[in-house]
2 protein chains.
Amino acid sequence: VEVTARVTTLRLRETFRISYLVQDTADVVHVAVAHAQATGYGEAAPFERYGESAESARAFVEEVAPSLPDDPFAFAEVEAILAERPGELAAKAAIDAALHDLQGKLLGQPTWRLLGLRRAGPPSCYTIGMGDPDEMARKTQRVPGDFRRLKLKLGGKDGLDVERVRAVRGAVSCPLQVDANEGWTVDEALDVLPELQSLGVEYCEQPLPAGDPGGAQLRARSPLPIYVDEDCHLLSSVATCAEVANGINIKLAKSGGIREAIRMANAARALGLGVMLGCMVESGLGISAAAQIGSLCDFLDLDGNLLIADDPWPGVELVDGVQLPPDRPGLGVG
Amino acid sequence: VEVTARVTTLRLRETFRISYLVQDTADVVHVAVAHAQATGYGEAAPFERYGESAESARAFVEEVAPSLPDDPFAFAEVEAILAERPGELAAKAAIDAALHDLQGKLLGQPTWRLLGLRRAGPPSCYTIGMGDPDEMARKTQRVPGDFRRLKLKLGGKDGLDVERVRAVRGAVSCPLQVDANEGWTVDEALDVLPELQSLGVEYCEQPLPAGDPGGAQLRARSPLPIYVDEDCHLLSSVATCAEVANGINIKLAKSGGIREAIRMANAARALGLGVMLGCMVESGLGISAAAQIGSLCDFLDLDGNLLIADDPWPGVELVDGVQLPPDRPGLGVG
């Protein structure tokens, strides 16, 4: 196989803010894997929080490319080679996605179909970044497409989180979920969560800092289900997540790709955990990779391609609030 | 798809005895799924212990056949349909195997390759049925093929289990593992296991009756790793197995097929459990289905096709003690 990687800047429709980050653009890496007149594509959306950048992802792909087997179906072998090198999960996810795209194109089948899955899934939420309560309520009027549920970014240190939810609840009647992005202490969470429950919020993501020793206590006392994101990385972290949460937020950029994400979903089921699949700010290329396994999940947060101004990889279809993977070979976008 | 099922009797090379069963023949069901000029085959080896028979498996396949979708790639949909009906896991495994065989034939790819796995695996053991110590030692001289490790069936109520292992150890130098098939109490296991360890046995399967409340205590005190078989069924049983064992013995005839078996292996990894893949007395058709996922496992017990007198489904290759799946489309046998 022949592998190339280049950095691309995605421009956001509007400034995006969460508890630890503000952004107007997102740099991603597009990986192309060519073999026998077909080319598969994958996207890496690196996690700054874990020391990854578009540049480090691009460098990783170029460094590992000569070690990859020439057989584009040799996923297990590729995974073993990538596992020898630590970190750079977004880059690994891009290679995994490009190989799935390539495999699907070579066999003339959509990836979801080769995985034995359905072209279906639960409705995706659309994310409202953190802001003043009024600002967040106004943003709900500018949600693109026909998203049927909203995710609100909370975790402000200003004591306004409940007001944020109240303002949004006053503006829309759809299902709500929240994400504190590690912004609370156990005591703060126990103050806020009952109020959020009374406002109809369905569940809360990552209330506490990753690894916070109060996780099990919070889960036991929380009136809302807790999903962990920053606490959840690879298959090896799922059993620990089961001690502090009711569900996990899997992201391909954290798991290193579709195959590990499926393994994590399987393990979550064995442990009675709910399964959410999230995304980064990424184009339709990255979102399509995630949407391929959407039918395995209880909750989807796959809005990345609609957060950006001009998606260079169209193909994912938002139908009745569900982000459907394309019905074309491989990842089917572009 | 067009589905047919027929009962076939497999004749054993020699009488096979375990703690709760003696057999000279095994009735299995062969399932054929036809679609677009291709036909996929799968085998059901029903577990009497769970109230299944070849006749009940055949009847199940015929009853469910009209409900199956016409799309031979729609594994998730098939699984959902089969899950609505309780039991008959061997019949479900046969349908799953036939669909994998069909998919592989339609795409021109071996099943292991479509699963992204390797044509490889750990060495398989060959099983020596329970008998007098001398008889078991003699049987080691008649092991077919080039198996490099032996599994000894124990669990006799005659107090001779240690003598059985000692006799075999005196006859061969290869790695040994044992399977008590629920034959011991906690106290008996704690008497026997240290002696087995000193004879070089590597691990013990199912020392206690399934569901025995002493499981966690035995694991804590056992000098040998404990693998559970009769305690381990579907993905939903894996977390419980983690409380009483160091590993699980997955069988397609218990899991209902390849897809659930992979999910179970994934969950086992998340829980730090070892993974063993076993079989029933079955032909190369059933063994090939299991061998497709052998590379996911730590230990294989895939000798069924070599326990029978005349395998009607050749194709699995025993190479250096490893049961390799065929390098032909689908399950690749016959």
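Note that the coordinates shown come from a computational prediction; the quantities given were computed from them, not determined experimentally. (Residues numbered from 1 in each chain as written. Chains lettered and ligands numbered in written order. Predicted model: local features only at pLDDT ≥ 70, side-chain atom pairs only at ≥ 80, totals over all residues. Heavy atoms only, no water.)

1. Thoughts on the environment of Leu306 of chain B
Within the fold, Leu306 of chain B resides in helix H13 (residues 304-307). Along the backbone, Leu306 of chain B and Arg13 of chain B are 293 residues apart, and their C-alpha atoms lie at a distance of 8.1 Å. (Helix = DSSP H or I, 4+ residues; strand = E, 2+ residues; numbered from the N terminus.)

2. Section: the packing of helix H1 (residues 54-64) of chain B against helix H3 (residues 89-107) of chain B
For any two helices packed against each other, one specifies the crossing angle of their axes together with the interaxial distance. Residues and elements named next belong to chain B. Contact geometry of H1 with H3 gives a least axis separation of 8 Å together with a crossing angle of 55°. When the axes of H1 and H3 are compared, the pair comes out oblique. For the element pair H1 and H3, the recorded crossing hand is right-handed. On H3, the residues that touch Ala57, Phe60, Val61 and Val64 of H1 are Ala91, Lys92 and Ile95. For the contact of H1 with H3, a count of residues per class yields 6 nonpolar, no polar and 1 charged. (Axes fitted to C-alpha atoms, helices over the stretch in contact; angles between N-to-C directions. Parallel < 35°, antiparallel > 145°, perpendicular 65-115°, else oblique. Left-handed = near helix turned anticlockwise from the far one by under 90°. Contact = heavy atoms within 4.5 Å. Nonpolar A, V, L, I, M, F, W, Y, C, P; charged D, E, K, R; others polar.)

3. Observations regarding the relation of the copies chain B and chain A
Rotating chain B by 180° and translating it 0.0 Å along the rotation axis places it on chain A, where the RMSD comes to 0.0 Å. Considering both components of the superposition, the chain copies are consistent with a two-fold axis. Measuring from the rotation axis to each C-alpha of chain B, the shortest distance belongs to Ala267 of chain B, at 2.0 Å. (Least-squares fit on C-alpha atoms with pLDDT ≥ 70 in both.)

4. Observations concerning the packing of aromatic side chains
Using the criterion set out here, one finds 12 aromatic pairs over all chains in the structure. Taking 5.2 Å as the distance between ring centres and 50° as the angle between the ring planes, the aromatic pair formed by Tyr41 of chain A and Trp313 of chain A counts as tilted. You can see Tyr41 of chain A sitting in strand E3 (residues 38-44) and its partner Trp313 of chain A sitting in the loop between helix H13 (304-307) and strand E12 (317-319), a full 272 residues away along the chain. Judged by centre distance (4.5 Å) and plane angle (40°), the rings of Tyr203 of chain A and Tyr227 of chain A are tilted. Here Tyr203 of chain A, found in strand E7 (residues 201-205), pairs with Tyr227 of chain A, found in strand E8 (residues 226-228); they are 24 residues apart in sequence, far enough to count as distant. Residue Tyr203 of chain A shares its accessibility class with Tyr227 of chain A, and that shared class is buried. What links up through ring pairs into an aromatic cluster is the set Tyr203, Tyr227 and Phe299 of chain A. For the cation-ring pair, Arg113 of chain A lies above Phe73 of chain B, with the distance from its terminal atom to the ring centre recorded as 4.4 Å. (Phe/Tyr/Trp six-rings, centres within 6.5 Å; stacked < 30°, edge-to-face > 60°. Buried < 20%, exposed > 50% of the residue type's maximum accessible area, 1.4 Å probe, protein only. Lys NZ or Arg CZ within 6 Å of the ring centre and 35° of its normal.)

5. Here we look at the interface of chain B and chain A
Counting from both sides, the interface comprises 24 residues of chain B and, opposite them, 24 residues of chain A. Summing both partners gives a buried area of about 2000 Å² for chain B against chain A, and 56% of it is carried by carbon and sulfur. At the junction of chain B and chain A, the tally comes to 2 salt bridges. The partner of Arg113 of chain B in a salt bridge is Asp71 of chain A, and the shortest N-O contact between them spans 2.5 Å. Of all the secondary-structure elements, those providing two or more residues to the side of chain B that touches chain A are helix H2 (75-83), H3, helix H4 (111-114) and helix H11 (258-270) of chain B. (Buried area = accessible area lost by both parts, 1.4 Å probe. Salt bridge = Lys/Arg side-chain N within 4 Å of Asp/Glu carboxyl O.)

6. Let's talk about helix H3 (residues 89-107) of chain A
For H3 of chain A, with 19 residues, the first-to-last C-alpha span of 27 Å sits near the 27 Å given by 1.5 Å per residue. Just beyond H3 of chain A, the residue with positive phi is Gly108 of chain A, at close to 70°. (Expected span 1.5 Å × (residues − 1).)

7. Details of the sheet that holds strand E1 (residues 2-18) of chain B
Residue and element names in this part refer to chain B. Pairing within the open sheet is antiparallel, and its 3 strands lie in the order E1-E2-E3. With partners counted over all chains shown, the strands left at the sheet margins are E1 and strand E3 (38-44), one partner each. Across the sheet, the axes of successive neighbouring strands diverge by a mean angle of 20°, strand direction being ignored. Note that strand E2 (residues 21-35) and E3 share 7 bridges and pair antiparallel. Its bridge partner lying in E3, Val29 is registered against Ala44. (Pairing = 2+ DSSP bridges.)

8. Quick look at the pairing of strand E1 (residues 2-18) of chain A
Side-chain positions along a regular strand alternate between the two faces of the sheet. Of the strand pairs in this sheet, E1 of chain A and strand E2 (residues 21-35) of chain A are connected by 13 bridges, and their pairing is antiparallel. Bridge pairing in E2 of chain A links Phe16 of chain A to Gln23 of chain A.

9. What about unusual backbone geometry?
Of note in this structure, Gln37 of chain A is not a glycine but carries a positive phi near 65°. With respect to the helices, strands and loops of the structure, Gln37 of chain A is situated in the loop between E2 and E3. On the basis of relative accessible area, Gln37 of chain A is assigned to the exposed category, the value being 84%. The backbone phi angle of Asn181 of chain B is positive, close to 45°, even though this residue is not glycine.

10. Considerations on the side chain of Ser124 of chain B
Residues and elements named next belong to chain B. Mapped onto the fold, Ser124 is located in the loop between H4 and strand E4 (125-128). Given a relative accessible area of 0%, Ser124 falls into the buried group. A polar atom in the side chain of Ser124 sits 2.8 Å from the backbone nitrogen of Leu302. When sequence neighbours within four positions are dropped, the list of residues in contact with Ser124 reads Phe147, Arg148, Arg149, Leu300, Asp301, Leu302, Asp303, Gly321, Val322 and Gln323. (Polar contact = N/O pair within 3.5 Å; in protein donor to acceptor, adjacent residues only side chain to side chain.)

11. Quick notes on the sheet that holds E2 of chain A
Residue and element names in this part refer to chain A. If you walk across this open sheet you meet the 3 strands as E1-E2-E3, and the pairing is antiparallel. Here the strands that pair on one side only, and so sit at the sheet edges, are E1 and E3. With direction set aside, neighbouring strand axes in the sheet form an average angle of 20°. Where H3 meets the sheet, its contacts fall on E2 and E3, and the angle it forms with E3 comes to roughly 150°.

12. Details of the state of the cysteines
In protein chemistry, a disulfide is the covalent bond that joins the sulfur atoms of two cysteines. All names here are of chain B. Scanning all chains against the criterion turns up 0 disulfides over all chains. Considering cysteine sulfurs only, Cys241 is the nearest to Cys232, which forms no disulfide, with 4.2 Å between them. Using a relative accessible area of 0% as the deciding quantity, one classes Cys232 as buried. (Disulfide = S-S within 2.5 Å.)

13. Brief notes about the pattern of salt bridges
Residues and elements named next belong to chain B. As enumerated under the stated definition, the model contains 56 salt bridges over all chains in all. The closest approach of N and O atoms between Arg142 and Glu14, which form a salt bridge, is 3.2 Å. You can see Arg142 sitting in the loop between helix H5 (133-139) and strand E5 (149-153) and its partner Glu14 sitting in strand E1, a full 128 residues away along the chain. Its relative accessible area of 42% is what places Arg142 among the partly exposed residues. Lys254 is paired through a salt bridge with Asp229; the nearest N and O atoms lie 2.5 Å apart. A residue pair is termed long-range when its members are at least 10 positions apart, and Lys254 in helix H10 (residues 252-255) and Asp229 in the loop between strand E8 (226-228) and helix H9 (238-244) qualify at 25 residues.

14. Focus: the confidence of the model for chain A
Mean pLDDT over chain A: 96, with 100% of residues reaching 70 or higher. Across the interface, the model reports ipTM at 0.94; the global pTM reads 0.96. (pLDDT = per-residue confidence, 0-100.)

15. Section: the layout of surface pockets
Here the largest pocket is characterised by a volume of approximately 1200 Å³. Along the wall of the largest pocket there are 47 residues; nearest its centre are Asn266 of chain A together with Glu79, Arg259, Glu260 and Arg263 of chain B. Elements supplying a minimum of two residues to the lining of the largest pocket: H3 and helix H11 (258-270) of chain A together with H2, H3 and H11 of chain B. Looking at which element gives the most residues to the lining of the largest pocket, the answer is H2 of chain B, with 7 residues. Its residues assigned to classes, the lining of the largest pocket comprises 24 nonpolar, 12 polar and 11 charged. There is about 640 Å³ of room inside the second largest pocket. Considering the residues around the second largest pocket, the lining is formed by 29 residues, among which Glu79, Ala80, Ala83, Glu260 and Arg263 of chain A are closest to the centre. For the lining of the second largest pocket, the secondary-structure elements that each account for two or more residues are helix H2 (75-83), H3 and H11 of chain A together with H11 of chain B. For the lining of the second largest pocket, the element with the most residues is H2 of chain A, which contributes 7 residues. (1 Å grid on protein atoms, 1.4 Å probe; cavity = no way out; pocket = protein on both sides within 12 Å on 5 of 7 lines; lining within 4 Å. Points joined across faces, edges and corners; volume = space filled by probe spheres on them.)

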